[in-house]
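# Remarks on the overall topology
If you want the building blocks of each chain, they are given just below.
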Amino acid sequence: MSTTGVMPDAAVSAALERLLPAALVGTERAPGWRAALSAAPAPLNGLMAALAATPDEDAAVLLRAAGVLALAARIGADGLALPAEADALPARPERRPALADPSSRAVVETLLQDDWPTGLRHAMLRRLAERGWRLPAALLPQALELAQREPALRAAVGAVIGERGAWLIRQQPRWRQLGEAPAQPTEADWTDGTLTARLAFLRHARAQDAAAARARLEAELGQLAAAERAQLVEALAVGLSMADEPLLMRLLQRDRGGEVRAVAARLLQRLPDSAQAGWLAAQWDVLLKSESAWLGLKRRWTIEPPAAEGADWKAHGLDLQRPRHDGLGERGGWLYQLVRLTPLSFWTTRTGLTPADLMAWAQGTDWKDALRRGWFEAAQALPDDPAALAPVEVEWLLALLGRDARGASVSEQAALRRRLPPAQRTALWRTRLAGDPVEVAGEIVLVCEQAALAGVPDPAGSVLDAAFLAELGAVLDAQWSALCAGQLDDRRCNDWLGRAPALLAWLPAGVPGRVEALPEPVNPTDAAVSWAQQQRTTLHARLQRIAALRRALEALPVAPAC
């Protein structure tokens, strides 16, 4: 590969500043601005000199030069290595043709540029990949910036950027976590690949030889940024065993990155024989007590938070700095941290109570908020794959998502629902669908987005089975028809304005047809149009536009073979 030139941010900024006087006072009052174009940083100086020599009007030349520099700043920040010669561009041939059909490309550009639901953009990217296309080169920076902003789209963007997109990612540090995970990772993915490719290689290597893969990771950790360390350490979940404990304990106790320590703590929760598990059990021997009740027929459990800070707490993952706006209090905060580090299975084993019983027991203590909050965070350490959960862990998820789930954030609850086996998740939604369809719709959207973030190719297909989808469709038909007819109150109308477009974007094909059949909103002709009536009209138009874009995506042609 040819030598590359480095174009630092400062050089681009300086070139833009030299054009600023001409832009502010006019080109006729800023003599010499064309000559300044030749002072642009390499490798742009040749192009800028050519612009300076063009006979076009000064205003047009100035705008073109500013556009070139602005684009260079966008894709060349943080020391982007740009090619000094054409053969420095990707050497590997593209496996897919670039989308060229004008109408199809217009749909893609619209979805990349405007404010659309994540699910609709995901559907567009997935459709491109299914039909064998890649994004045109001109749209790559825009797509990569979108993936940077919306993590749920990263895997889908990575599947359609082609070799040139992969090359761009390697040049730009802030894009290193993007890109497509290779189906069959190679040694080159580990040595020269993006973070996504390296993570795929490490997971594959762990499945083949866990010890060798761990050794590879250990050799690299000292050279990585904290965010990269955290993601790669997460790969130890594949083939996790007690052989990984020394490394995980070392990371928990010594790593400077908070997220790295958090990942190590989560993985240690899956090792019941670890030193960390033994240390936690010793803490609970002091704090969690039982006594006879009901004439010795039952045990009554009591809990007390620590009375003082422990000297070894920091070494076992407790944060000794109390958050400023935390409402748990000092002792409650200590208790919460111990709970979040403790595997959920510990509680049922130690007390003999079911998760539902433990939730009820917590409600009767003085420390219910600390316990529930800690249990919610402990649940985040459970495996992402529902098939890998033990029955008691499924019971815990169901108990945490019951009536006492109000203390958790919406995204935390969505993360737990995603871990549930599909049958249990659907059962929870089915019981609430008729009475609270807007909230169920919002939960479905969040679970789909988290599934996309986990790399599931068809998030909606993994979340919604056919029977529940039919029930959901019937409720949506009734709700949205009533909304268009003006039969829903202002609050419900506003709720659907925020949820309906995002839900429609994730739902499988066939739903847009029902949306297109919705009647025009009914507005009175003899009175001023109310805010709610305006919202109904806005929502109807938005749903129709999403349905039309989805139909256009369905019509995307199949790409010819390269």
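Going by the structure above, here's the rest.
As the structure is a prediction and not an experimental result, all values here were calculated from the model.

Here we come to the overall build of the protein. Within the protein one finds 29 helices and four strands. Within the protein, the fraction of its 562 residues that count as buried is 47%. Sequence-distant contacts in the protein: of pairs separated by 6 or more residues, those separated by 24 or more amount to 68%. Accessible surface, the protein: about 26600 Å² in total, of which carbon and sulfur atoms supply 54%.

To continue, consider helix α17 (residues 329-341). Along an α-helix, residues three or four positions apart point the same way, because every turn accommodates 3.6 residues. An ideal rise of 1.5 Å per residue puts 18 Å on 13 residues; α17 measures up with 18 Å between its terminal C-alpha atoms. Looking at the buried positions of α17, the neighbouring elements they touch are α15 (258-268), α16 (275-287), β4 (298-303), α18 (344-351) and α20 (368-379).

What follows is about the pattern of salt bridges. With the rule as written, the count across this model stands at 28 salt bridges. In this structure, arginine 216 engages glutamate 187 in a salt bridge whose closest nitrogen and oxygen atoms are separated by 2.8 Å. Of this pair, arginine 216 sits in helix α12 (residues 210-221) while glutamate 187 sits in helix α10 (residues 187-192), placing them 29 residues apart in sequence. Overall, the relative accessible area of 28% leaves arginine 216 in the partly exposed class.

For the second largest pocket, the calculated volume is near 690 Å³. Of all elements in the fold, only α9 (162-171) and α10 reach the threshold of two or more residues within the lining of the second largest pocket. Class assignment for the residues of the lining of the second largest pocket results in ten nonpolar, seven polar and ten charged.

Let us now look at the nonpolar core. Core analysis: the biggest nonpolar cluster contains 70 residues, and Leu128, Ile444, Trp480 and Trp496 have the highest contact counts within it. Discounting chain neighbours no more than four positions away, the residues touching leucine 128 are Arg96, Leu99, Val108, Trp133, Leu135, Val160 and Leu556. If you look at the next biggest cluster of nonpolar residues, it comprises 68 residues, including Val260, Val394, Trp396 and Leu420.

With that settled, the discussion passes to the packing of α16 against α17. Axis separation between α16 and α17 bottoms out at 10 Å; the angle between their running directions is 135°. The pairing of α16 with α17 is recorded here as oblique in orientation. Where α16 crosses over α17, the handedness of that crossing is left-handed. Within the contact between the two elements, α16 uses Gln276, Trp279, Leu280, Gln283, Trp284 and Leu287 and α17 uses Leu335, Leu338, Val339 and Leu341. Along the lines of polarity and charge, the residues of the contact of α16 with α17 split into eight nonpolar, two polar and no charged.

We now examine the environment of arginine 95. Of note, arginine 95 is situated in the loop between β2 (80-83) and α5 (102-113). Along the sequence, arginine 95 and glycine 132 sit 37 residues apart, while their C-alpha atoms lie 9.0 Å from each other.

On to the environment of arginine 127. By the element assignment, arginine 127 lies in helix α6 (residues 118-130). Judged by relative accessible area, arginine 127 falls into the buried class, the value being 13%. On a C-alpha basis, the gap between arginine 127 and alanine 555 in space is 9.8 Å, while along the polypeptide they are 428 residues apart. With sequence-adjacent residues up to four places away left out, arginine 127 is seen in contact with Leu553, Glu554 and Leu556. A polar contact is formed between the side chain of arginine 127 and the backbone oxygen of leucine 553, at a distance of 3.2 Å.

Below, the discussion takes up the packing of aromatic side chains. Evaluation of the coordinates by the stated rule reveals nine aromatic pairs. Geometrically, the ring pair formed by phenylalanine 346 and tryptophan 347 is edge-to-face, given 5.5 Å between the ring centres and 85° between the ring planes. This pair shows no difference in class: phenylalanine 346 is buried, exactly as tryptophan 347 is. Taken together, Trp284, Phe346, Trp347, Trp375 and Trp396 form an aromatic cluster joined through their ring pairs. Over the ring of tryptophan 190 we find arginine 198, and its NZ or CZ is 4.1 Å from the ring centre. Above the ring of tyrosine 336, the side-chain terminus of arginine 373 is found at 4.3 Å from the ring centroid.

On to the packing of helix α24 (residues 437-453) against helix α27 (residues 490-506), then. Between α24 and α27, the shortest axis-to-axis distance is 9 Å and the interhelical angle comes to 35°. The handedness of the crossing between α24 and α27 is left-handed. Within the contact between the two elements, α24 uses Pro437, Val438, Glu439, Ala441, Gly442, Ile444, Val445, Cys448, Glu449 and Ala452 and α27 uses Arg492, Asp495, Trp496, Arg499, Ala502, Leu503 and Trp506.

About the thresholds
Residues numbered from 1 in each chain as written. Predicted model: local features only at pLDDT ≥ 70, side-chain atom pairs only at ≥ 80, totals over all residues. Heavy atoms only, no water. Helix = DSSP H or I, 4+ residues; strand = E, 2+ residues; numbered from the N terminus. Buried < 20%, exposed > 50% of the residue type's maximum accessible area, 1.4 Å probe, protein only. Contact = heavy atoms within 4.5 Å. Areas by Shrake-Rupley, 256 points an atom, 1.4 Å probe, with all protein chains shown as cover. Expected span 1.5 Å × (residues − 1). Salt bridge = Lys/Arg side-chain N within 4 Å of Asp/Glu carboxyl O. 1 Å grid on protein atoms, 1.4 Å probe; cavity = no way out; pocket = protein on both sides within 12 Å on 5 of 7 lines; lining within 4 Å. Points joined across faces, edges and corners; volume = space filled by probe spheres on them. Nonpolar A, V, L, I, M, F, W, Y, C, P; charged D, E, K, R; others polar. Core = buried A, V, L, I, M, F, W, Y, C linked by side-chain atoms within 4.5 Å. Axes fitted to C-alpha atoms, helices over the stretch in contact; angles between N-to-C directions. Parallel < 35°, antiparallel > 145°, perpendicular 65-115°, else oblique. Left-handed = near helix turned anticlockwise from the far one by under 90°. Polar contact = N/O pair within 3.5 Å; in protein donor to acceptor, adjacent residues only side chain to side chain. Phe/Tyr/Trp six-rings, centres within 6.5 Å; stacked < 30°, edge-to-face > 60°. Lys NZ or Arg CZ within 6 Å of the ring centre and 35° of its normal.

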